[in-house]
Amino acid sequence: MTTTLHPLDVSAIRKDFSLLSRDFHGKPVVYLDSAVSGQMPLVAIERMAKYEREEHTNVHRGVSTLSQEATDFYEAAREKVRKFIGAGSIKEIVWTRGTTEAINLVAQTYGRMHVKEGDEILLSAMEHHANIVPWQMLAQEKGATIKVIPMTDAGELILGSLDELLTARTKIVGVVHVSNVLGTVNPVKEIIAKAHAKGVPVLVDGAQAVPHLHVDVKDLDADFYAFSGHKLSGPTGIGVLYGKLAHLEAMPPWHGGGNMIRSVSWEKTTYIPAPGKFEAGTPPIAAAIGLGAAIDYLNNLGLDRIAAHEHELLVYATEKLSAIPGLRILGQAKEKASVISFVVEGIHPHDMGSLLDGEGVVVRAGHHCAQPVMARFNVPATTRASFAYFNTREDVDVLVSAVLKAIELFK
Amino acid sequence: MSNPRELYQQVILEHNKKPRNFGKLESCTHHAEGHNPLCGDQLELSLIIENGQVQDIKFTGSGCAIDTASASLMTGAVKGKPVAEAEAMAEQFRGMVRGDLEPGAQTPLLGKLTLFSGVKDLPSRVKCAVLPWATLHAALKGEEEASTE
Ligand SMILES: Cc1ncc(COP(=O)(O)O)c(C=O)c1O
């Protein structure tokens, strides 16, 4: 027997987001930009404010009740993240500033250790700049090369190419779980299995995946998994690097300073074990606690229900937008998250973005920090709408009529 | 902030659809390329300057409507003008759309180019309007490239 999911009570959920009752240019705001940053529910904002108001101090410092309490909250948030992504141990959860910093951390520690002259780093054709540039910097430093897993016109990675692209020189694979431009959900489990069969570890950029999918890093067998708090209904300034403990233990520290050491003398400094050795200095404590609260909020709504709701919006919006003459959707993968990038003949995406803005519709227009994806599809930029659990069919209708209005104006 | 829609007036839409002076001058004396990294707008200007005057000017490239219309109107406005006047117009135009003219300052050289004054309320689009002028400035100075960064 299949159990049907109880749908989300979206009108109740919308009350948790003050932004949704604002207006721009006299039009009620329609926020279709969660792929840029997810809105934070009030409970998470209030949890952070409570920390700053009543509990503010530093963590891992001294014996005061206050400091112990903050440390407990901060570490409890780490445990929430562990559980949320199915990691085996909190030692595998490293706080970072975001996805970008997490990937740089891996490139600068694991990468520097393992990548040598003539080696290869294998990335997919649909990476965000965050999973390209750190590797290019490393490749340049080491004299290594970057290779690229190609994709089809529909925006699906060509897995058949892996047998050839994974060579004895490949030292690491970097792949995005969900494309921020195309919405494609990549079969990362399969990619990881293929890479592991050749002894190559895999870093997954999960920035756009965690808000939409049940991620289980153990089931995926990912070596590294990176994401940002702010895309997950949490605050900016906090992110996560998951790493298999064996990797993290073998990696050298990255930033040096307080909090990451066991003992320091002029002769020799020793470090605490992972994850602490990667967390030099005072961390963003309120942000970590806020992310923990955001995860609780999402768990309460239910990830399956969120996914079902967003999928319905994706299908509805795809149908409505596809019916508009001259509009082309980039990314037609079979497995897609609720992200739709489109271009309209004769209207530059920035003009579309400005005109949608004039209707209160917040979308992203630009290259989405994925210029190689723009080049692959031969467009300078796209307009992108992304849908979250608080969006409605009416939001889609407003988007569609705003697009039609722009087309009318440009006629 | 004003509604972005107000910027898309008929003149701008019309110049976007049918840009004037579109193309490339084969025997140009001055030339520059401009890029707006934010939008991916690209513009190429070629000019013939003789006796200190802009004898002819053409542009090619691909960009948003604001950029294309700005280039179209600019080429029309500077053609036949002395180089010094074209430079002065560039100065006034940039001041107008960046909103950093002195209060009460006039832009007598701009004529109908004041259509673009609304851009100053849309900071994310200022660079689109300015790109042709920045490229003109580069070409007149003998530089090959201009960027709005
Ligand atoms: C797929 C992907 N990777 C990485 C990033 C970078 O995230 P952050 O800027 O939070 O480090 C983003 C966010 O734009 C993204 O969408």
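Conventions used here
Residues numbered from 1 in each chain as written. Chains lettered and ligands numbered in written order. Predicted model: local features only at pLDDT ≥ 70, side-chain atom pairs only at ≥ 80, totals over all residues. Heavy atoms only, no water. Axes fitted to C-alpha atoms, helices over the stretch in contact; angles between N-to-C directions. Helix = DSSP H or I, 4+ residues; strand = E, 2+ residues; numbered from the N terminus. Parallel < 35°, antiparallel > 145°, perpendicular 65-115°, else oblique. Contact = heavy atoms within 4.5 Å. Nonpolar A, V, L, I, M, F, W, Y, C, P; charged D, E, K, R; others polar. Buried area = accessible area lost by both parts, 1.4 Å probe. Salt bridge = Lys/Arg side-chain N within 4 Å of Asp/Glu carboxyl O. Polar contact = N/O pair within 3.5 Å; in protein donor to acceptor, adjacent residues only side chain to side chain. Buried < 20%, exposed > 50% of the residue type's maximum accessible area, 1.4 Å probe, protein only.

Participant: Explain the packing of helix H10 (residues 285-301) of chain A against helix H11 (residues 303-322) of chain A to me, using residue names and the numbers behind them.
Facilitator: Angle between the axes and distance between the axes are the two parameters that describe a pair of packed helices. Residue and element names in this part refer to chain A. With their axes 5 Å apart at the nearest point, H10 and H11 run at an angle of 75° to one another. What the angle tells us is that H10 and H11 run roughly perpendicular. From H10, Leu298, Asn299, Asn300 and Leu301 reach across to H11, where they touch Leu303, Arg305 and Ile306. Of the residues in the contact of H10 with H11, the class split is 4 nonpolar, 2 polar and 1 charged.

Participant: Account for the interface of chain A and chain B, with residues named and values stated.
Facilitator: Across the contact, 18 residues belong to chain A and 19 residues belong to chain B. Together, His25(A), His350(A) and Leu409(A) form the three largest contributors to the area buried by chain A at its contact with chain B, with a combined 32%. One can count 1 salt bridge joining chain A with chain B. Here chain A is connected to chain B by 7 residue pairs in polar contact (both at pLDDT 80 or more). Going through the elements one at a time, helix H12 (349-358) and helix H14 (393-410) of chain A are the ones with two or more residues in the side of chain A that touches chain B. At 6 residues, H12(A) tops the list of elements feeding residues into the side of chain A that touches chain B. For the side of chain A that touches chain B, the residue count by class is 5 nonpolar, 8 polar and 5 charged.

Participant: Outline the side chain of Thr382(A), supporting the account with residue identities and numerical values.
Facilitator: Residue and element names in this part refer to chain A. The topology assignment puts Thr382 in strand S17 (residues 382-386). Of the residues examined, Thr382 reaches a relative accessible area of 0% and is grouped as buried. A distance of 2.6 Å separates a polar atom in the side chain of Thr382 from a polar atom in the side chain of His368. Residues in contact with Thr382, not counting those within four places in the same chain, are Leu330, Ser341, Phe342, Val343, Pro349, Arg364, Ala365, Gly366, His368 and Met374.

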